[in-house]
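Observations on chain architecture
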Amino acid sequence: VGRGAGYTVNLPVFKQMEDADVVHIYRDVLVPVVRKYKPQLILVAAGFDAHHRDPLGRTRLTEHSFRWLTQIVLQTADAVKRAPILLALEGGYDNYALAASVREVLKVLTTKERRERIPLTRTVQAEQLVDKVINVHREFGIWTD
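In this text the structure is predicted, and so the values were computed from the model without any measurement. (Residues numbered from 1 in each chain as written. Predicted model: local features only at pLDDT ≥ 70, side-chain atom pairs only at ≥ 80, totals over all residues. Heavy atoms only, no water.)

1. Comments concerning unusual backbone geometry
Threshold: Counting from the N terminus, the helices are the DSSP runs of H or I reaching at least four residues and the strands are the DSSP runs of E reaching at least two. Exposure is judged per residue with a 1.4 Å probe applied to protein chains only, and the accessible area is read against the type maximum: over 50% gives exposed, under 20% gives buried, and values in between give partly exposed.
Look at Q16: it is not a glycine, yet its phi comes out positive at around 80 degrees. With respect to the helices and strands, Q16 occurs in the segment before α1 (19–37). A relative accessible area of 32% places Q16 in the partly exposed class. Even without glycine at this site, K38 takes up a positive phi of about 45 degrees. Position of K38 relative to the elements: it lies in the loop between α1 and β1 (42–47).

2. A few points about the side chain of E63
Quick reminder of the rule: The sign given to each residue is positive for Lys and Arg and negative for Asp and Glu; His and the chain ends receive no count. Take a side-chain nitrogen of Lys or Arg and a carboxyl oxygen of Asp or Glu: if they are within 4 Å of each other, that pair is a salt bridge. Between N or O atoms, a polar contact is any pair within 3.5 Å; within protein, one atom must be a potential hydrogen donor and the other a potential acceptor, and residues adjacent in sequence are included only when both atoms are from side chains. Contacts are assigned to residue pairs that have any heavy atoms within 4.5 Å of one another.
If you trace the backbone, E63 turns up in helix α2 (residues 63–79). Among buried charged residues, E63 stands out as having no salt bridge; its nearest opposite-charge side chain is R103, 5.6 Å away. A distance of 2.8 Å separates the side chain of E63 from the side chain of H51, its partner in a polar contact. Beyond its immediate sequence surroundings of up to four residues, E63 is in contact with H51, Y96, A100, S101 and E104.

3. Let's talk about the packing of α2 against helix α3 (residues 95–110)
Condition: To obtain each axis, a line is fitted to C-alpha atoms, and for helices this fit is confined to the stretch in contact; angles are then taken between N-to-C directions over 0 to 180 degrees. We call two directions roughly parallel when the angle between them is under 35 degrees, roughly antiparallel when it is over 145, roughly perpendicular when it lies between 65 and 115, and oblique otherwise. A clockwise turn of the near helix away from the far one marks a right-handed crossing, whereas an anticlockwise turn of less than a right angle marks a left-handed crossing. Following the grouping adopted for this structure description, the nonpolar residues are Ala, Val, Leu, Ile, Met, Phe, Trp, Tyr, Cys and Pro, the charged ones are Asp, Glu, Lys and Arg, and the polar ones are all others, Gly among them.
Packing of α2 against α3 leaves a shortest axis separation of 8 Å and a crossing angle of 30 degrees. On the basis of their axis angle, the class for α2 and α3 is roughly parallel. In the crossing of α2 with α3, the sense of the turn from one axis to the other is right-handed. Residues E63, F66, R67, T70, Q71 and L74 of α2 form the contact with α3, whose participating residues are Y96, A100, S101, E104, V105, V108 and L109. Its residues assigned to classes, the contact of α2 with α3 comprises seven nonpolar, three polar and three charged.

4. Quick look at the pattern of salt bridges
Overall, the coordinates contain nine salt bridges when judged by the stated rule. Close ionic contact of E104 with K107 constitutes a salt bridge, the shortest N to O distance being 3.3 Å. Remark: K107 and E104 occur in helix α3; sequence separation between them is three residues, near one turn of the helix. Salt bridges here are not isolated pairs; linked through shared partners, they connect R27, D28, R122 and E127.

5. Considerations on the nonpolar core
Our working definition: Put simply, buried Ala, Val, Leu, Ile, Met, Phe, Trp, Tyr and Cys residues joined by side-chain atoms within 4.5 Å make one nonpolar core.
V23, I25, V29, F48, I72 and W143 are the most contacted members of the largest nonpolar core, which has 24 residues in total. Those elements that provide at least two residues to this core are α1, α2, α3 and α4 (124–137). When residues in this core are grouped by element, the largest group, six residues, is from α1. Not counting chain neighbours up to four residues away, the residues in contact with V23 comprise W68, L69, I72, I118 and P119.

6. A few points about the layout of surface pockets
Test applied: Here a cavity is any set of points on a 1 Å grid over the protein atoms alone where a 1.4 Å probe fits but cannot get out, and a pocket is any open set with protein on both sides within 12 Å along at least 5 of 7 lines; a residue lines the site when it has an atom within 4 Å of a point. Grid points are joined across faces, edges and corners, and a volume is the space filled by probe spheres set on the points.
Estimates place the volume of the largest pocket at around 1,100 Å³. What lines the largest pocket is a set of 38 residues, among which Y26, L30, V44, A45 and L69 lie closest to the centre. Among the residues forming the lining of the largest pocket, the class breakdown is 30 nonpolar, five polar and three charged. What the second largest pocket holds in volume is close to 230 Å³. For the lining of the second largest pocket, the secondary-structure elements that each account for two or more residues are α1 and α2.

Right under this line is the structure:
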C-alpha cells in the first residue's frame, strides 16, 4: 500500500513442480527484482520442505535444486555490489532430505572452485507463472516492455 506497493512479490509454487520449474522461476523473477531494488541485505528463509521426500512438501524438488538456487542467490547478490546474505534454516521434515539439501547449500557457500552450470531449461508451467508475475508487477517498473 502506498510507497510500499510493488515491493512484495509472491510466487505460488504449484504442486508437482520440479527442479527445472523452480530454477526457471528464480532466474526469471528473483534476479530482476533484486537488480531493480538493490537490497542492502538478502535474507533467505532456507526451508527444505519442498524436497520430494518431505512429508509436508508439495513439490518434487531434489537436493540439486537447492544447490542451483543458492548459486542464483550468490550471483544475484554479487550483481548488486555483494549484498550480504543471511540464510536461516526454517524447515525440512525428512532427515535424509534435510541433510542432503543443506549439504548442497553448504558446498556452494564454501567452494572456491568453479561451480557447475545451472540448467537453463524452461518449462511451460514455470513460464505461465512468470508471465503472471510480470503482468501483475509491470506497473511497478521491475519489468518493462
